[in-house]
Amino acid sequence: MKMAAEISPNKAVNKTDPLGVHSEIGRKLKQYYDDLTSEEVPDRFAELLKQLEEQETTIDSTAGKGG
């Protein structure tokens, strides 16, 4: 991952781009975000989410039984 400081300040900026260098930062952030969202969820994290879901279901079903 490239940090914002690695973006070259000498890069030619498109004069029609109203955001200038901020557009480059936005593109890098979007690329980083896309990379993160394409990664798989670790098995341990998925298991914890499953356990949480089961607990919520149990709580919801007991609350609906006259609680």
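Just above, that's the structure.
Presented here is an overview of the structure given in this document. (Residues numbered from 1 in each chain as written. Predicted model: local features only at pLDDT ≥ 70, side-chain atom pairs only at ≥ 80, totals over all residues. Heavy atoms only, no water.)

The next thing to look at is the overall build of the protein. The number of helices and strands found in the protein is 2 helices and 0 strands. Taken across its 67 residues, the protein has 6% of its residues classed as buried. Only carbon and sulfur atoms are counted for the fraction: they give 57% of the accessible area of the protein, which is about 6,300 Å². (Helix = DSSP H or I, 4+ residues; strand = E, 2+ residues; numbered from the N terminus. Buried < 20%, exposed > 50% of the residue type's maximum accessible area, 1.4 Å probe, protein only. Areas by Shrake-Rupley, 256 points an atom, 1.4 Å probe, with all protein chains shown as cover.)

To continue, consider the pattern of salt bridges. One pass over the full model with this rule turns up 3 salt bridges. In this structure, K30 engages D34 in a salt bridge whose closest nitrogen and oxygen atoms are separated by 2.9 Å. With K30 and D34 both in helix α1 (residues 21–37) and 4 residues apart, the pair spans about one turn of that helix. The class for K30 is exposed, based on a relative accessible area of 51%. Each of the salt bridges in this network shares a partner with another, and the network as a whole consists of E24, R27 and K28. (Salt bridge = Lys/Arg side-chain N within 4 Å of Asp/Glu carboxyl O.)

On to a negative patch on the surface, then. Together, E47, E53, E54, E56 and D60 give the surface a local cluster of negative charge. By the element assignment, E56 lies in helix α2 (residues 43–63). (Patch = residues over 30% accessible without salt bridge, like charges linked within 9 Å, V, L, I, M, F, W, Y side chains within 5 Å. Lys, Arg positive; Asp, Glu negative; His and termini not counted. Charge placed at Lys NZ, Arg CZ, Asp CG, Glu CD.)

Quick look at a nonpolar patch on the surface now. Residues V41, F45, L49 and L52 make up a contiguous nonpolar surface patch of about 360 Å² in total accessible area. With respect to the helices and strands, L49 occurs in helix α2.

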